[in-house]
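# Fold and geometry: a report
Here are the chains, one letter per residue:
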Amino acid sequence: MSEKIAVIGGGQLARMMVAPAVALNLDMHVLVEDDHSSAAQVTPKRLVGSPKDLAAMQKIAQDCAVMTFEHEHIPAHVLEALGEKVDIHPSPQALIHAQDKAVMRRRLNQIQAPQPRWKLAHSLQQVEEFGNDVGWPIIAKTPTGGYDGKGVQVVSAASEVAPWIEQGPVLVEEKVDFDRELAVLLARSPGGEVAHWPVVETKQENGVCSQVLAPAPNLAPALSERAQEVGTMIANALGVTGVLAVEMFERDGHILVNELAMRPHNCGHWTIEGAVTSQFEQHLRAVLDLPLGDTTARAGCWVMQNLLGCDAPEATAGRRAALTRVPQAHVHLYGKEVRPGRKLGHVTVGAKDFETAIDLAQEATGILKRGGR
């Protein structure tokens, strides 16, 4: 008899859990925003509803072996109300560190994880004082609700965050002059087993991840080891279960923790083709406390390129041309309505060197973006 697993959220991350769930003979049920969402298109066992609706959450949780998430935007009071009735991974006590950046920063301080200088500002005067202390410009973030560049801005004067601070405290951080951005991806089971994929380099476009290079090129072995040690320390200290992504800055041979995500993450999409066990299969294994899979990267250099927006009415318009002209490309389309800058899919390419892999991945995404031209 297959085990029922409830996944909250109907986006592309839930969509990409479907294939490994089928392979593991799991009875996967998804709470989706509507019948046209990315995950709803590929799973018959779905419930349309909101994670803010306790009745919908209770319904999908009924008789499930475990509940997990493809995004962090689940109200704490809803999870608390579910209480002892369902096994939740990651737990609400862990998940809060991905939901509230101020809570995360305080906890990282307590465990002495390296991070940028920061302050939770309750007034424009406190923002001004912080900026004068660390140097302008600074980074301002809403503590909750932000993702993919939303709720984050670079500011050169305290007055620029006035609309935010009227609504509540603002997290302000030093603007790190980093050499590059890295990400540690790992999985942790309830029993404490931890498995890491290689550290990757990430590149952003307008606050959204546009490209991932795996393994991170020219990364000193000692720094790679340090990054993974910090990732493991965070996972253990916070009691994370499932996949954990730790976004980091590399600066002068050191790392600083930027943000956390407790779910499969954009920085790990390359693992579908590029690693022995994908992040999506591993997340399911971890939350069910099954033995974790081998995270070894397959031979070569791997590049994941996001498809951000499309000139055609549908992202599938360029699919045939992309597959024909770049047969090395692994194309993943999410079934989303086209909007400017929206993540519509991704392309992964493996090659002997990064230059070749980048060229091919960008060629394929360029064809898709242009609708086949």
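Residues numbered from 1 in each chain as written. Predicted model: local features only at pLDDT ≥ 70, side-chain atom pairs only at ≥ 80, totals over all residues. Heavy atoms only, no water.

## Describing the overall build of the protein
Formally: Here a helix means four or more residues in a row that DSSP labels H or I, a strand means two or more in a row labelled E, and each is numbered from the N terminus. With C-alpha atoms as the basis for the radius of gyration, the globule rule is written as 2.2 Å multiplied by the number of residues raised to the power 0.38. For every residue, the accessible area (1.4 Å probe, protein chains only) is compared with the maximum for its type, and the residue is labelled buried under 20%, exposed over 50%, or partly exposed between those bounds. All accessible-area figures derive from a Shrake-Rupley calculation using a 1.4 Å probe, and residue coverage is judged against the displayed protein chains alone. Within this scheme the basic residues Lys and Arg register as positive and the acidic residues Asp and Glu register as negative, but His and the chain ends are omitted. One atom stands in for each charge, and that atom is NZ of Lys, CZ of Arg, CG of Asp or CD of Glu.
Tallying secondary structure elements over the protein gives 12 helices and 17 strands in all. Over its C-alpha atoms the protein spans a radius of gyration of 20 Å, differing by no more than 12% from the 21 Å that the globule rule assigns to 373 residues. When its C-alpha atoms are laid out on the principal axes, the protein stretches across 55 × 50 × 40 Å. Counting across all 373 residues of the protein, residues that qualify as buried make up 57%. Total accessible area on the protein stands at roughly 16000 Å², and carbon and sulfur atoms take up 48% of it. If you average the places of the 35 positive and of the 44 negative side-chain charges in the protein, the two averages end up 4 Å apart.

## Observations concerning the pairing of strand β9 (residues 180-188)
Convention followed: Two strands qualify as a pair provided that DSSP identifies no fewer than 2 bridges between them.
Burial within β9 is extensive, with nine of its nine residues counted as buried. Both faces of β9 are covered, namely the face carrying R180, L182, V184, L186 and R188 and the face carrying E181, A183, L185 and A187. Pairing of β9 with strand β13 (residues 242-251) involves nine bridges; the strand directions are antiparallel. What sits directly across from V184, in β13, is V246. As judged from the three bridges shared by β9 and strand β10 (residues 194-196), these two strands associate in the antiparallel manner.

## Concerning unusual backbone geometry
Note: most residues except glycine have negative phi, and most peptide bonds are trans. Residues H89 and P90 are joined by a peptide bond in cis, for which omega reads -5°. Examined against the element boundaries, P90 turns out to sit in the loop between α3 (76-82) and α4 (92-99). The omega torsion of the bond from W136 to P137 falls at -5°, within 30 degrees of zero and hence cis. You can see P137 is positioned in the loop between α6 (124-134) and β6 (138-141). Positive phi is not limited to glycine here, since N206 has a value of about 55°. For D252, which is not glycine, the phi dihedral falls at a positive 50°. Note on placement: D252 falls in the loop between β13 and β14 (254-261). When its relative accessible area of 62% is taken as the criterion, D252 is described as exposed.

## Considering the nonpolar core
Put simply, the rule is: Joining through side-chain atoms within 4.5 Å is the link that ties buried Ala, Val, Leu, Ile, Met, Phe, Trp, Tyr and Cys residues into a set, and such a set is a nonpolar core. Residue contacts follow a heavy-atom distance rule, with two residues in contact if any of their heavy atoms lie within 4.5 Å.
Membership of the largest hydrophobic core comes to 44 residues, with the highest contact counts inside it found for M57, M67, I234 and L244. Tallying contributions element by element places helix α8 (residues 221-238) first for this core, with six residues. Look past the residues within four positions of M67 in its chain and what remains in contact with it is A6, I8, M57, I60, A61, L82, V86, D87, I88 and H89.

## Here we look at the sheet that holds β6
Formally: Interaxial angles span 0 to 180 degrees and are taken between N-to-C directions of axes, which are lines fitted to C-alpha atoms, for helices over the stretch in contact.
Reading across from one edge, β5-β8-β6-β7 is the order of the four strands in this open sheet, with antiparallel pairing throughout. Single-partner strands in this sheet number two, and they are β5 (118-121) and β7 (152-155). Averaged over all pairs of adjacent strands, the angle between strand axes in this sheet comes to 25°, irrespective of strand direction. Of the strand pairs in this sheet, β6 and β7 are connected by four bridges, and their pairing is antiparallel. Paired with K141 across the two strands is V152, which belongs to β7. Strands β5, β6 and β8 (170-174) of the sheet are contacted by helix α5 (residues 101-110), whose axis makes an angle of about 140° with β5.

## A closer look at helix α12 (residues 354-369)
One turn of the α-helix equals 3.6 residues, which is why residues spaced by three or four share an orientation. Put simply, the test is: Here a helix's expected span is defined as the number of its residues, less one, multiplied by 1.5 Å. Here a polar contact is taken to be a pair of N or O atoms separated by no more than 3.5 Å, where protein atoms must pair a possible hydrogen donor with a possible acceptor and residues adjacent in sequence count only if both atoms sit in side chains.
Given a rise of 1.5 Å per residue, 16 residues ought to cover 22 Å, and the 22 Å separating the end C-alpha atoms of α12 matches this to within 8%. Residues of α12 that are buried make contact with β12 (208-214), β15 (301-308), α11 (319-325), β16 (330-333) and β17 (343-351). The N-terminus of α12 is capped by D353, whose side-chain oxygen sits 3.2 Å from the backbone nitrogen of E355.

## Points about the pattern of salt bridges
Selection criterion: The rule for a salt bridge is simple: a side-chain nitrogen of Lys or Arg has to be within 4 Å of a carboxyl oxygen of Asp or Glu.
On inspection of all chains with the given rule, the structure shows 13 salt bridges. Among the salt bridges present, the one from D35 reaches R46, with a minimum N-O distance of 2.9 Å. In this pair, D35 is assigned in the loop between β2 (27-32) and β3 (46-48) and R46 in strand β3, connecting sequence segments 11 residues apart. E201 is paired through a salt bridge with K203; the nearest N and O atoms lie 3.0 Å apart. Counted as one network, the salt bridges with shared partners bring together R105, K141, E173 and E259.

## As for the packing of aromatic side chains
Worth spelling out the cut-off: The pairing test for Phe, Tyr and Trp rings, Trp by its six-membered ring, is centres within 6.5 Å, and the orientation test on the planes gives stacked under 30 degrees, edge-to-face over 60, and tilted for anything in between.
Applying the stated criterion across every chain, the model contains one aromatic pair. The interplanar angle of 10° and the centroid separation of 4.9 Å between the aromatic rings of F178 and F249 together place this pair among those described as stacked. Here F178, found in the loop between β8 and β9, pairs with F249, found in strand β13; they are 71 residues apart in sequence, far enough to count as distant. Taking relative accessible area as the criterion, F178 reaches 34% and is therefore assigned partly exposed. Overall, F249 belongs to the buried group, its relative accessible area being 9%.

## A few points about the environment of F280
Checked against the element boundaries, F280 lands in helix α10 (residues 279-287). The exposure class assigned to F280 is buried, which follows from its relative accessible area of 1%. Each C-alpha atom of the pair F280 and M17 lies 5.2 Å from the other, and the pair is 263 residues apart in sequence. Aside from chain neighbours lying at most four places away, what touches F280 is L13, M16, M17, P20, P264, H269 and I272.

Nothing here speaks to function; it is all geometry.
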